[in-house]
Amino acid sequence: MKKRSLFIITAIITIACAAFTAVSAEETTTEQSDETIQTTAETKDNSGLCADDSQMKKFYFSDSSSFDSTGIVVTYNGIDVTDQTEVTFNETPEIYDGETFDYNIEYNVQYFTKNENDENVAYYSTFSTDVKIGFHGDSNLDFKVNLYDIIEISKKIMYGNCEVGNSFEDFMMNTSDNNNIIDLYDAVWSAKLNMELNPPTIPELTNPVTKPKPKPKKPDVKNYDTSTMAGIKKYANDCIIYQAGVYGIPKEHITFDDSVDEWNGFSWNAPSTFISDLNYYVSQMGWQPLFYETTAENIGDDLMYQIRSAVREWKMNGDTDEDVIEYGYFTIKWDNLGHDNYDIYVMW
């Protein structure tokens, strides 16, 4: 008998797992009323209000949109005024914390009527009630969703006790619809959810193929407005980032800071010089530089050479490619000499 029961359970689980891709679980929706309760001129707290929530729905899934006030009967001084009231909940079933099923929730009741001066008035009071909330799919009530939930539903179906009773356990098994029958659709729904939450692990390859990183693309000077100094600097700085990237040095290792003191702990070769106004440069410095650039493309090439020279120097001192990637840092300073003339320091 035990072997036969195990065979039936296994067969049901197999059917459920095979069928979930072909069967879509029914989704329940709650229609919202478009009716709007009359506006009020005055709102008062009133102890004459009473609420009987014994017929209210008390079981919920954690993904339910809200608590259901259907079934709450409101009386005012002993008179049924349910049709003239509005019930609102301070919380939603999302308060489920995965550690307990039992919750006490509060709801507010407002009773709308007329006072002796025929003015709209509302009386209100706050009540509380006990409800149970569980994670949708947790059929065996262990605060998890896994294969054991499908087994629990399958056992219920196998024993022929499929009608949903008044217990929280039956409510949690009836996962896919509201037909009050625990059936194959519930098992399929749980099987699908289980696979979504617990996807099969893909074994790692013994010798995984590592895709080569794409090579950085050299900036095209045509894409920059080199009629302005801002455009020239943008192109030249992007050339620096590109050349560093050729060696695997990330962009985050490059700092552009025109305020640093190049003599404060940095290493650098002779700065590259960019001249926009040679006459001004000579008048200020008293000499004409031996090497200088006057175009965006040329200063970009010069700065890329500076990066290559620094890396070559590191490797001559014993640094590996991995050392260059991990420890290679640059600080770039554009030292403004006036009239858009610059000495550009590539420091490390």
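Residues take numbers from 1 onward in each chain, read along the sequence in its written order. Thresholds applied to this predicted model are a pLDDT of at least 70 for local features of residues and 80 or more for the giving and counting of side-chain atom pairs; totals over whole chains, interfaces and linings are not thresholded and use all residues. With hydrogens and water stripped out, all remaining heavy atoms of the structure feed into the side-chain values.

1. A short note on the side chain of threonine 85
Alright, step 1. Checked against the element boundaries, threonine 85 lands in strand 6 (residues 85-89).
Alright, step 2. Throughout this description, buried means an accessible area under 20% of the type-specific maximum (1.4 Å probe, protein chains only), exposed means over 50%, and partly exposed covers the range between. On the accessibility criterion, threonine 85 (13% relative accessible area) is buried.
Alright, step 3. Side-chain atoms alone can form a polar contact between residues adjacent in sequence; in general such a contact is a pair of N or O atoms within 3.5 Å, and within protein one must be able to donate a hydrogen while the other accepts it. There is a polar contact of 2.7 Å between the side chain of threonine 85 and the backbone oxygen of threonine 82. Every helix listed is a DSSP run of H or I at least four residues long, and every strand listed is a run of E at least two residues long, numbered separately from the N terminus.

2. Points about the sheet that holds strand 10 (residues 272-274)
The pairing of strands in a sheet happens through backbone hydrogen bonds and is either parallel or antiparallel.
Alright, step 1. The sheet built from four strands is open, its strands ordered 9-11-12-10 with mixed pairing. Strand pairing shows two members of the sheet lacking a second neighbour, strand 9 (254-256) and strand 10, which therefore form its edges. Each strand of the sheet is rotated relative to its neighbour by a mean of 20°, with strand direction disregarded.
Alright, step 2. Relative to strand 12 (residues 341-347), strand 11 (residues 330-338) runs antiparallel, the two sharing seven bridges. Paired with aspartate 335 across the strands is aspartate 343, a residue of strand 12. At least two DSSP bridges between two strands are required for those strands to pair. Only the contacting stretch of a helix is used when fitting its axis, a line to C-alpha atoms as for every element, and angles between N-to-C directions run 0 to 180 degrees.

3. Description of the confidence of the model for the chain
Alright, step 1. Summary of the metric used: pLDDT quantifies the predictor's per-residue confidence within the range 0 to 100. For the chain, the average pLDDT comes to 83, and 82% of its residues sit at 70 or higher.
Alright, step 2. In the model, residues 17-42 has pLDDT below 50 throughout and makes 28 contacts with residues more than four positions away in sequence or in other chains. Residues are treated as being in contact if the distance between any of their heavy atoms lies within 4.5 Å.

4. A few points about the nonpolar core
Alright, step 1. Among the nonpolar cores identified, the biggest contains 29 residues, and Leu303, Phe330, Ile332, Trp334 and Ile344 are the most heavily contacted of them.
Alright, step 2. Looking at this core, the elements that each hand over two or more residues are helix 5 (229-246), helix 7 (296-316), strand 11 and strand 12.
Alright, step 3. Among residues more than four places away in sequence, those in contact with isoleucine 344 are Pro271, Ser272, Phe274, Ile299, Leu303, Gln306, Ile332, Lys333 and Trp334.
Alright, step 4. Side-chain atoms within 4.5 Å link the members of a nonpolar core, which is a set of buried Ala, Val, Leu, Ile, Met, Phe, Trp, Tyr and Cys residues. Listed in part, the 26 residues of the second largest apolar core include Ile105, Val109, Tyr111 and Phe127.

5. A closer look at the pairing of strand 8 (residues 120-134)
On any regular strand, side chains alternate: one points to one face of the sheet, the next to the other face.
Alright, step 1. Sheet topology places strand 3 (residues 59-61) next to strand 8; three bridges connect them, and they run parallel. Paired with phenylalanine 59 across the strands is lysine 132, a residue of strand 8.
Alright, step 2. Of the pairings in the sheet, the one linking strand 7 (residues 102-114) to strand 8 comprises 13 bridges and is antiparallel in character. The residue of strand 8 that forms the bridge with threonine 113 is valine 121.

6. A closer look at the pattern of salt bridges
A pair can form between side chains of opposite charge whenever their charged atoms are brought close.
Alright, step 1. In the sections that follow, a salt bridge refers to a side-chain nitrogen of Lys or Arg positioned within 4 Å of a carboxyl oxygen of Asp or Glu. As enumerated under the stated definition, the model contains six salt bridges in all.
Alright, step 2. Aspartate 102 serves as the salt-bridge partner of lysine 132, at 2.5 Å between the closest nitrogen and oxygen. You can see lysine 132 sitting in strand 8 and its partner aspartate 102 sitting in strand 7, a full 30 residues away along the chain.
Alright, step 3. In this structure, aspartate 258 engages lysine 233 in a salt bridge whose closest nitrogen and oxygen atoms are separated by 3.8 Å. Of this pair, aspartate 258 sits in the loop between strand 9 and strand 10 while lysine 233 sits in helix 5, placing them 25 residues apart in sequence.

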